[in-house]
Amino acid sequence: MHRFVIHHFETIKSTNDELKAWVNADEFTVITAADQTAGRGRRDRSWHSAPGDGLYMSVLLRPTAQPESVPLISLLTGITVAETLMEFGAAGIDIKWPNDVLACGKKISGVLIEGASAGATGLRLIVGIGVNINQRSFPDDLADTATSLALITERSTPVDAIRDALLDRFARWYDVWRNCGGRAIIARYCELSSYATGKLVRILTDSGDLAGETCGLDASGALQLRTPAGEIRTVISGEVVRLRENED
Ligand code: BTN
């Protein structure tokens, strides 16, 4: 089992930013914070970090595998969070590609993975994970789209319990990735994610928007999209937005 070394801060700007100063530390160095004053999300968004109510955590990885296999780390992080939340009683868990975890259709967790170098040789990844745990309400602009474990299960859960369970699972899935490659990760992902196949979506990518129906993941973890013209497009990164037409 991996030995995570956890450094906890009461208040910090962003656990991802803090960990960037630690890129030469051992793999599995972890930064957590009770409160983030400038928590960051993907696509330059902020991450609402209610003090004490959520898990705000970043894990340093120093993978020796080729960069091409890194997207699978993004997927295994989503699997890890989804399974951990189910272990703690969350119903209606789903994963929106690549690794937004939803509960009853609302976002309960987000993941921000960033590269870091600072003169380091070899790949360094900062896996930032935010999980909404004990929030009983959200600011107006998030109220319709965000949820928490407490809102889903109607009970509070210690943040540290989620942290420990999540790191334990993360270590196991990371070992699967290192020792066995991507096949088991893709298979588990497709079991957990209703977005992997048959979902009508729009995907906002850096090179424009795409619309179509999802039709699985390729071996690297990229999402396959069938466009209305019947072409299969491979999407490496982007923001998936569900279209209303096949809502269930
Ligand atoms: C997203 O869904 O857009 C990603 C959100 C990631 C939030 C986490 S909280 C811990 C870590 N530190 C940050 O500043 N962001 C990530």
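Residues numbered from 1 in each chain as written. Predicted model: local features only at pLDDT ≥ 70, side-chain atom pairs only at ≥ 80, totals over all residues. Heavy atoms only, no water.

If you trace the backbone, His-8 turns up in strand E1 (residues 5-12). When the C-alpha positions of His-8 and Met-57 are compared, they lie 9.1 Å apart, and in sequence the two are 49 residues distant. Not counting chain neighbours up to four residues away, the residues in contact with His-8 comprise Thr-32, Ala-33 and Ala-34. For His-8, the side chain forms a polar contact with the side chain of Thr-32, separated by 2.7 Å. (Helix = DSSP H or I, 4+ residues; strand = E, 2+ residues; numbered from the N terminus. Contact = heavy atoms within 4.5 Å. Polar contact = N/O pair within 3.5 Å; in protein donor to acceptor, adjacent residues only side chain to side chain.)

Right, let's talk about helix H6 (residues 183-192) for a bit. Taken together, the buried positions of H6 are occupied by Ile-185, Ile-186, Tyr-189 and Leu-192. Seen along its axis, H6 keeps its buried residues to an arc of 130°; they face one direction. Facing away from the buried side of H6 by more than 90 degrees, the exposed set consists of Arg-183 and Glu-191. Lining the buried residues of H6 we find helix H2 (71-87), strand E4 (93-96), helix H5 (159-180) and strand E9 (208-217). (Buried < 20%, exposed > 50% of the residue type's maximum accessible area, 1.4 Å probe, protein only. Arc of directions from axis to C-beta.)

Residue position: Glu-27 is located in the loop between helix H1 (15-20) and strand E2 (29-36). At a separation of 2.8 Å, a polar atom in the side chain of Glu-27 contacts the side chain of Tyr-174. Every residue in contact with Glu-27, bar those within four places of it in the chain, is listed here: Leu-60, Leu-61, Arg-62, Pro-63, Tyr-174 and Arg-178.

Taken together, the seven strands give an open sheet; going across it, the order is E1-E2-E3-E7-E6-E5-E4, and neighbouring strands pair in mixed fashion. With one partner strand each, in any of the chains shown, E1 and E4 form the two edges of the open sheet. With strand direction ignored, the average angle separating the axes of adjacent strands in the sheet is 20°. (Pairing = 2+ DSSP bridges. Axes fitted to C-alpha atoms, helices over the stretch in contact; angles between N-to-C directions.)

Entries for the protein in the domain assignment read domain 1 (5-192) and domain 2 (197-243). Here the C-alpha centroids of domain 1 and domain 2 sit 23 Å apart. Contacts between the two partners involve 12 residues from domain 1 and, on the opposite side, 15 residues from domain 2. Three residues, Arg-43, Lys-96 and Trp-97, lead the burial of domain 1 against domain 2; their summed loss comes to 56% of the area buried on that side. Our count for the domain 1 to domain 2 interface comes out at one salt bridge. Arg-45 is paired through a salt bridge with Glu-239; the nearest N and O atoms lie 3.3 Å apart. (Domains from an automatic or database assignment. Buried area = accessible area lost by both parts, 1.4 Å probe. Salt bridge = Lys/Arg side-chain N within 4 Å of Asp/Glu carboxyl O.)

Looking now at the nonpolar core. Counting residues in hydrophobic clusters, the biggest one holds 55 residues, and the most contacted among them are Leu-61 and Leu-85. Broken down by element, the residue count for this core peaks at 10 residues, all from H5. Apart from residues no more than four positions distant in its own chain, Leu-85 is found in contact with Ala-90, Ile-93, Val-101, Ile-108, Val-131 and Leu-149. Ile-12, Ile-31, Ala-33 and Ile-126 belong to the second largest nonpolar core, which has nine residues in total. (Core = buried A, V, L, I, M, F, W, Y, C linked by side-chain atoms within 4.5 Å.)

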